[in-house]
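# Fold and geometry: a report
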Amino acid sequence: MGDAALKSRHATIEKRLAQDAKRQREVKILLLGAGESGKSTIVKQMKIIHQGGYNKQELMQARLSIYSNLLESAQAIVMALADLQLELQDPANKEYASQILSYRLISLDPPVRFPRRRLHRESDASDSSAEAREEPPLPHFDESVEHQEERSYLTPDIVRAIESVWHDPIIPLLLERGGYDWHMMDNAPHFLNRIKTIGQSDYVPSIEDVLKSRKKTTGLTETHFQSGRLIIHMVDVGGQRSERKKWINAFEDVTCIIFCVSLIEYDQVLREEARQNRLQESLDLFGMTIASRWFLRTAFMLFLNKSDLLPAKLKRAPFQSYFPSYDGGPKPGHVVNFLIDRFKELNVHHRDLQFRVTVATDSQDTKTVFTWVQDQLITRSFKESGLI
């Protein structure tokens, strides 16, 4: 074989070795879980930690989502007051409540009363007599408001209305009844407490505002970045039932699944199915996912998220009221251990499964957790290569 042929062969081998090395460093992480479990927040954190964060233009683009979160939360409060027959104490707030219901943003559908229903508890699965029970409409709230102009901002009038209703003396009592009787987004108090700032015409969202804002994920959202020795391809998918049929499009060549579960969803029901407990939905979904033939060689990491909100939630809503087989009292650690055992029971094929308790809105916590994820993936790669 001549020198030219040898050089060509050597170059081909070197190229293949380089390609193999690159493939060994590339990992595909799939974020799965039910809606509002924190998947998209992790993607935002990756942008902050590994992609240089948000510039001012990107922060400004988040305003409409934040306005929508704030208005939707205020509308949920007004409708919950009507459903629970709680009267606003300040007479002016009754007119403000009507203004809140009638206000329209271009990104937010008109408010729809979410019927109060008997919550599906753990024990209801075998109780065929558990029927949905809707509350009758209440006459002292007029919800048949006229359609108004759709806006992309909050007017001073609506800011004043939301602020006044939020500070009405009846609101603490309403918040105490959250979960079983009614629900608003987890971070609603953050935005409602910042209504004056958010309502200013020159408002620029903070990083915390962006992390705590929610926008429904539809389809697949892909993010690429390098973290240490790994090239990460992260895929976020919508968690609502209507979005899950699209998940299969992301199932190929998955190195790791991060399955997110909200620790505080145990007393809530699905938006799309008012008799299904959200935490039970997460358990069911996880069981189907970890048993799937698509993921025979895939690592699973279960993120028990929103742990910062769990202690206060347990004081207001006893965990045992929704999962009667739990007998560990109001200690967050006991609830976490109970859930870890429940999820472990679903791993019938003994797949590679690890657990972390997380706060996805906390950048430092997320950075620490993701460093752990990297270490786990590198160690697993070494084991598969026979290096350790």
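Owing to the predicted nature of the structure, the values given are computational and were not obtained by experimental measurement.

A few words now on the sheet that holds strand β5 (residues 230-237). Across the sheet, six strands lie side by side as β4-β5-β1-β6-β7-β8; this open sheet has mixed pairing. The open sheet terminates on both sides in strands that have one partner only, identified here as β4 (220-227) and β8 (353-357). Across the sheet, the mean angle separating the axes of adjacent strands is 20° when strand polarity is ignored. In the packing of helix α13 (residues 332-345) onto the sheet, contacts are made with β6 (256-262), β7 (299-305) and β8, and the angle to β8 comes to roughly 160°.

Next up on the list: the pattern of salt bridges. Scanning all chains against the criterion turns up nine salt bridges. Across the pair Lys94 and Glu87 runs a salt bridge, and its minimum N-O distance is 3.3 Å. Its relative accessible area of 45% is what places Lys94 among the partly exposed residues. Residue Lys212 pairs with Glu208 through a salt bridge whose shortest N-O separation is 3.1 Å. In this pair, Lys212 and Glu208 both sit in helix α10 (residues 207-212), four residues apart, roughly one turn of the helix. On the basis of relative accessible area, Lys212 is assigned to the buried category, the value being 18%.

Attention now goes to helix α11 (residues 278-290). Taking 1.5 Å as the rise per residue, α11 with 13 residues should run 18 Å; its terminal C-alpha atoms sit 18 Å apart, in good agreement. Turning to α11, its buried residues are Arg278, Leu279, Gln280, Glu281, Ser282, Leu283, Leu285, Phe286, Gly287, Thr289 and Ile290. In this structure, the buried side of α11 is in contact with β1 (26-33), β6, β7, α13 and β8. The backbone nitrogen of Leu279 lies 2.8 Å from a side-chain oxygen of the residue at the head of α11, namely Asn277.

Attention now moves to the packing of aromatic side chains. Following the criterion strictly, the structure yields twelve aromatic pairs and no others. Aromatic pair Phe286 and Phe343: ring centres 5.2 Å apart, planes at 85°, arrangement edge-to-face. Remark: Phe343 occurs in helix α13 and Phe286 occurs in helix α11; sequence separation between them is 57 residues. For Phe343, a relative accessible area of 0% translates into the label buried. Between Phe319 and Tyr326, the ring centres sit 5.1 Å apart and the planes meet at 80°, which makes this aromatic pair edge-to-face. Here the two residues Phe319 and Tyr326 agree in accessibility, since each one is buried. Counting every residue linked through ring pairs, the aromatic cluster contains Tyr266, Phe319, Tyr322, Phe323, Tyr326 and Phe338. Lying across the ring of Tyr266, Lys313 places its NZ or CZ 5.4 Å from the centre.

If you look at the biggest cluster of nonpolar residues, it comprises 42 residues, and the most contacted ones within it are Ile77, Ile100, Ile162 and Leu174. Within the residue set of this core, elements represented by two or more residues are α4 (63-83), α5 (92-102), α6 (156-166), α7 (171-176), α8 (188-193) and α9 (195-198). Counting residues per element, this core draws most heavily on α4, which supplies eleven residues. Among residues more than four places away in sequence, those in contact with Leu174 are Ile77, Ala80, Leu81, Leu84, Leu86 and Trp182. With 38 residues, the next largest nonpolar core counts Leu32, Phe286, Phe323 and Val336 among its residues.

So, about the packing of α5 against α6. Between α5 and α6, the shortest axis-to-axis distance is 9 Å and the interhelical angle comes to 125°. As summarised for this structure, α5 and α6 are arranged oblique, according to the angle between their axes. As for how α5 packs across α6, the hand of that crossing is left-handed. Here Asn93, Tyr96, Ala97, Gln99 and Ile100 of α5 lie close against α6, whose contacting residues are Asp157, Ile158, Arg160, Ala161, Ile162, Ser164 and Val165. Grouping the constituent residues of the contact of α5 with α6 by class yields seven nonpolar, three polar and two charged.

Per-residue pLDDT for the protein has a mean of 83; in total, 78% of the residues score no lower than 70. Within the protein, no element has a lower average pLDDT than helix α1 (residues 3-25), which sits at 56, and none a higher one than α13, at 98. Taken as a whole, residues 114-120 scores under 50 in pLDDT and shows 34 contacts with residues more than four places along the chain or in a different chain. Residue range residues 135-146 is modelled with pLDDT below 50. Its contacts to residues more than four positions away, or to other chains, number 23 contacts.

The element β1 is extensively covered by neighbouring structure, given that seven of its eight residues are classed as buried. Note: β1 against β5, six bridges, orientation parallel. Looking across to β5, one finds that Leu31 is bridged to Asp236. Bridge count between β1 and β6: five bridges; the pairing is parallel.

For the pair α4 and α5, interaxial distance at closest approach is 9 Å and the crossing angle is 130°. Taken together, the axes of α4 and α5 lie oblique to each other. For α4 against α5, the interelement crossing comes out left-handed. Contacts from Leu71, Ala74, Gln75, Val78 and Met79 of α4 reach α5 at Ala97, Ile100 and Leu101. Split by residue class, the contact of α4 with α5 holds seven nonpolar, one polar and no charged.

About the criteria used
Residues numbered from 1 in each chain as written. Predicted model: local features only at pLDDT ≥ 70, side-chain atom pairs only at ≥ 80, totals over all residues. Heavy atoms only, no water. Pairing = 2+ DSSP bridges. Helix = DSSP H or I, 4+ residues; strand = E, 2+ residues; numbered from the N terminus. Axes fitted to C-alpha atoms, helices over the stretch in contact; angles between N-to-C directions. Contact = heavy atoms within 4.5 Å. Salt bridge = Lys/Arg side-chain N within 4 Å of Asp/Glu carboxyl O. Buried < 20%, exposed > 50% of the residue type's maximum accessible area, 1.4 Å probe, protein only. Expected span 1.5 Å × (residues − 1). Polar contact = N/O pair within 3.5 Å; in protein donor to acceptor, adjacent residues only side chain to side chain. Phe/Tyr/Trp six-rings, centres within 6.5 Å; stacked < 30°, edge-to-face > 60°. Lys NZ or Arg CZ within 6 Å of the ring centre and 35° of its normal. Core = buried A, V, L, I, M, F, W, Y, C linked by side-chain atoms within 4.5 Å. Parallel < 35°, antiparallel > 145°, perpendicular 65-115°, else oblique. Left-handed = near helix turned anticlockwise from the far one by under 90°. Nonpolar A, V, L, I, M, F, W, Y, C, P; charged D, E, K, R; others polar. pLDDT = per-residue confidence, 0-100.

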